[in-house]
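Examining the three-dimensional arrangement
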Amino acid sequence: MLFRRKKPATLSGRLREFLWPRKGFSRGVRYLSMRVLRLSSSPHSIAVGVAAGAASSATPFIGFHILIALALAYLLSGNLIAAGITTALANPLTIPVILVATYEVGVMILGTGGSGALTGENILHMLGHLELMHLWEPVLKPLLIGSVPVAAGSAAAFYFVAFQAVKLFQSRRQVRRSSKVQPRTAGSANGL
């Protein structure tokens, strides 16, 4: 085998690698960001796609983020690939934070503070007994209402950052390409 380890990985080594990759989590983030930056589209189109993906990731519709992002990007003439890639913002590590943030913002907007709030035990009990109608007022309504400003804020922030990053990346790429082309054309002109 060409790419086989000299020494087989132990069970503890494989478990450690699964929980914390050897190259770290930043490698995946860097790969996805470079993938978005290298898209061949206008900075505005890519930034709209990134904003659509960020906005859909800030909603409580787990499992439908990519469909929401693609629909938003399509309606706003954004880059669909950038929208799909950016939905990776909603992952198992960030979803609890997003849900808590949207819930807290929703409770703050509705002003239900302590009266309508439920504990985690109560929510799990209602979910276990499929009492979804009782969850609407104290949980689902604040989640939905709170997701609107959180999604709008994240979309605006990600649009601005993505637009500036793509614009800078594409201008630097253009300079690099033109500097590589000039010596070739000068050399061919001297040879004639």
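Structural data are supplied above this passage.
Computed from a prediction, not measured in an experiment: that's the story for all the values here. (Residues numbered from 1 in each chain as written. Predicted model: local features only at pLDDT ≥ 70, side-chain atom pairs only at ≥ 80, totals over all residues. Heavy atoms only, no water.)

1. Quick word on the environment of Ala 82
With respect to the helices and strands, Ala 82 occurs in helix α5 (residues 80-86). Along the primary structure Ala 82 and Leu 32 are separated by 50 residues, whereas in three dimensions their C-alpha atoms are 9.5 Å apart. Each residue touching Ala 82, except ones within four places of it in the same chain, is listed here: Val 36, Leu 39, Ile 46, Gly 49 and Val 50. (Helix = DSSP H or I, 4+ residues; strand = E, 2+ residues; numbered from the N terminus. Contact = heavy atoms within 4.5 Å.)

2. Structural notes on a nonpolar patch on the surface
On the surface, Phe 61, Phe 64, Ile 66, Leu 67, Leu 70, Tyr 74, Leu 75, Leu 76, Leu 80, Trp 136, Leu 140 and Leu 144 cluster together into a nonpolar patch covering about 1200 Å² of accessible area. Sorting elements by how many residues they give to the nonpolar patch places helix α4 (residues 65-75) first, with 5 residues. Position of Leu 70 among the secondary structure elements: in helix α4. By relative accessible area, Leu 70 is classed as partly exposed at 31%. (Patch = residues over 30% accessible without salt bridge, like charges linked within 9 Å, V, L, I, M, F, W, Y side chains within 5 Å. Areas by Shrake-Rupley, 256 points an atom, 1.4 Å probe, with all protein chains shown as cover. Salt bridge = Lys/Arg side-chain N within 4 Å of Asp/Glu carboxyl O. Buried < 20%, exposed > 50% of the residue type's maximum accessible area, 1.4 Å probe, protein only.)

3. Here's the deal with the layout of surface pockets
The calculated volume of the largest pocket comes to roughly 530 Å³. What lines the largest pocket is a set of 20 residues, among which Val 29, Leu 32, Ser 33, Leu 89 and Phe 158 lie closest to the centre. Breaking the lining of the largest pocket down by element, the ones donating at least two residues are α2 (26-37), α5 and α8 (132-191). Among the elements that line the lining of the largest pocket, the one with the most residues is α2, at 6 residues. (1 Å grid on protein atoms, 1.4 Å probe; cavity = no way out; pocket = protein on both sides within 12 Å on 5 of 7 lines; lining within 4 Å. Points joined across faces, edges and corners; volume = space filled by probe spheres on them.)

4. Notes on the packing of helix α3 (residues 43-57) against α4
Across the interface, α3 lies against α4 with an axial gap of 8 Å and an inter-helix angle of 145°. You can see that α3 and α4 cross each other, and the crossing is right-handed. Every residue of α4 that contacts α3 at Gly 49, Ala 52, Gly 53, Ala 55, Ser 56 and Ser 57 is listed here: His 65, Ile 68, Ala 69, Leu 72 and Ala 73. (Axes fitted to C-alpha atoms, helices over the stretch in contact; angles between N-to-C directions. Left-handed = near helix turned anticlockwise from the far one by under 90°.)

5. Remarks on the nonpolar core
In terms of nonpolar packing, the biggest core is built from 12 residues, these being Met 34, Val 36, Leu 37, Leu 39, Ile 46, Ala 47, Val 50, Ala 82, Ile 85, Ala 162, Val 166 and Phe 169. Residues within four places of Ile 85 in sequence aside, it is in contact with Leu 32, Arg 35 and Val 36. (Core = buried A, V, L, I, M, F, W, Y, C linked by side-chain atoms within 4.5 Å.)

6. Focus: helix α6 (residues 95-110)
Here α6 spans 22 Å end to end across 16 residues, near enough to the 22 Å set by a 1.5 Å rise per residue. If you check which residues of α6 are buried, you get Ile 95, Ile 98, Thr 102, Tyr 103, Gly 106 and Val 107. Seen end-on, α6 carries its buried residues on one side only, within an arc spanning 160°. More than 90 degrees from the buried face of α6, the exposed residues found are Val 97, Val 100 and Met 108. Directly beyond the C-terminal end of α6, a positive phi value near 70° is found at Gly 111. (Expected span 1.5 Å × (residues − 1). Arc of directions from axis to C-beta.)

7. Things to note about the packing of aromatic side chains
Tallied over the entire structure, the rule returns 1 aromatic pair. Their ring planes at 15° and their centres at 5.9 Å tell us that Tyr 159 and Phe 163 sit as a pair that is stacked. With a gap of 4 residues between them, Tyr 159 and Phe 163 both fall in helix α8, about one helical turn apart. (Phe/Tyr/Trp six-rings, centres within 6.5 Å; stacked < 30°, edge-to-face > 60°.)

8. Some words on the side chain of Thr 87
Along the polypeptide, Thr 87 turns up in the loop between α5 and α6. In terms of polar contacts, Thr 87 uses its side chain to reach the backbone carbonyl oxygen of Gly 84, at 2.6 Å. (Polar contact = N/O pair within 3.5 Å; in protein donor to acceptor, adjacent residues only side chain to side chain.)

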